[in-house]
Every structure is written in C-alpha cells, then in structure tokens.
Amino acid sequence: MQGKNLSPILTAKGVRLAVAVARFNERVTKALLEGALEAYARLGGEPREVLVAWVPGSFELPLVAKRLASRPDVDAVVALGAVIRGETPHFEYVAAQAASGLMQAMLQTEKPIVFGVLTTNSLEEALERSGGKAGNKGAEAVLTALEVVKLLEAIGRP
C-alpha cells in the first residue's frame, strides 16, 4: 500500500532565504556561509538576494534568527556558527542554548530555522565540516531549509 507522496522538487527559485552567522570562529563560519550561498545558487537562487546577518556568537543566533523569520519577506533562516570544545563547560552551555533557542524560534514563527551550528572537539574538526573532507555543513543546512520550505508548501496551511 502506498500513500500520497509529499516530496516536492528541491529548488531555491522563489525561496527567500536569510542566514544568521556567528562571527566567533569566523574562519569556520565564513566557510560555512560560502558553502551555504553556493548551494543556494546551485539550486537556482540568487545569492545577492540572501539576507545575511552577522551576530557576535552562536549564543546570539536564536534571537536574530527569530527576528529574521518574523519578516514577511523571509521564507526560511539558516543559522550558522561554530562552537568548539575547550577546557571549560562553556561549550555545553552555548551549544545547548543555541540549539534550544533556535528550535523555540522555529516553532514560534512556524518557519524553518535550520541548525547549522558546528559543535566540534577541535578547530580541525570544524574546518573539515566547513569545506574540508567532511563536506560543508553550511551547504547541507541550505538544502534542509529549502526542502522544509517546499514540504510545508506541499502540505499547505491548517
């Protein structure tokens, strides 16, 4: 038995994207942003039209992402950051609160807000995930945002 398939075609055409990017660990987050914009362009979007907001760090991403998602001219938000484990518990607090805050913002705005925050043990791991041998998680975050936008369009409003 097979039901109706709600898997729409993945495209950036017509999807108005915003990206919130943390400046902390900027070497990593710039690479994530580049990957995100390249993925958006590859799928038919115009990178110059993407609204990019730089924030101090990953802890500040939820508030800015929520404000971006609240705009009528934004269909989805990608939040990019890099939280690298250090010698103190700071890593756990920042990573957990960023994830929780972004989830809350997504549910409140009912728009996709994608968690593109790397949580790694070292700078080397972060670099591998921002364009190295592990790919670019910024690009993956854009693909997720586009897929969810198109899926929500296919489902329709309640």
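Caption draft 1: Spatial organisation of the overall build of the protein. From N to C terminus, the protein includes five helices and six strands. Scanning the protein from its N terminus toward the C terminus, one meets helices and strands in the order β-α-β-α-β-α-β-α-β-β-α. What you see for the protein is a C-alpha radius of gyration of 16 Å, in line with the 15 Å of a compact globule of 158 residues. Buried positions account for 42% of the 158 residues belonging to the protein. The contacts in the protein between residues at least 6 apart in sequence include a share of 78% that link residues at least 24 apart. Total accessible area on the protein is roughly 9,000 Å²; 54% of this is exposed by carbon and sulfur atoms.

Caption draft 2: Geometry of the side chain of K150. Here K150 is to be found in helix α5 (residues 137-155). If we skip the residues at most four places from it in the chain, K150 touches P8, I9, T11, K13 and V15.

Caption draft 3: How the structure looks around the nonpolar core. In this structure, L17, V19, Y40, V78, L80 and V142 are the most contacted members of the largest nonpolar core, which totals 25 residues. Where this core is concerned, the elements lending two or more residues are β1 (17-22), α1 (26-42), β3 (76-84), β4 (113-120) and α5. Ignoring any residue separated from it by four or fewer positions in sequence, one finds L80 in contact with V19, A20, V21, A22, L32, L33, A36, L61, G116, V117, G138 and A141. Counting residues in each nonpolar core, the second largest holds 20 residues, with A20, A65, V74 and A79 among its members.

Caption draft 4: Structural context of helix α2 (residues 61-69). Buried within α2 we find L61, P62, A65, L68 and A69. Seen from one end, α2 has its buried residues packed into an arc of 130 degrees, which puts them on one side. Turned more than 90 degrees away from the buried face of α2 sit L63 and R67, all of them exposed. Elements that come into contact with the buried residues of α2 comprise β1, β2 (51-55), β3, α3 (90-109) and β4.

Caption draft 5: Examining the pattern of salt bridges more closely. Tallied over the full model, the rule gives seven salt bridges. A salt bridge links K30 to E26; its shortest N-O distance comes to 3.9 Å. Taken together, the residues span about one helical turn, with K30 and E26 both in helix α1 at a distance of four residues. The partly exposed category is assigned to K30, whose relative accessible area is 42%.

What counts as what
- Residues numbered from 1 in each chain as written.
- Predicted model: local features only at pLDDT ≥ 70, side-chain atom pairs only at ≥ 80, totals over all residues.
- Heavy atoms only, no water.
- Helix = DSSP H or I, 4+ residues; strand = E, 2+ residues; numbered from the N terminus.
- Rg over C-alpha atoms; globule rule 2.2 N^0.38 Å.
- Buried < 20%, exposed > 50% of the residue type's maximum accessible area, 1.4 Å probe, protein only.
- Contact = heavy atoms within 4.5 Å.
- Areas by Shrake-Rupley, 256 points an atom, 1.4 Å probe, with all protein chains shown as cover.
- Core = buried A, V, L, I, M, F, W, Y, C linked by side-chain atoms within 4.5 Å.
- Arc of directions from axis to C-beta.
- Salt bridge = Lys/Arg side-chain N within 4 Å of Asp/Glu carboxyl O.

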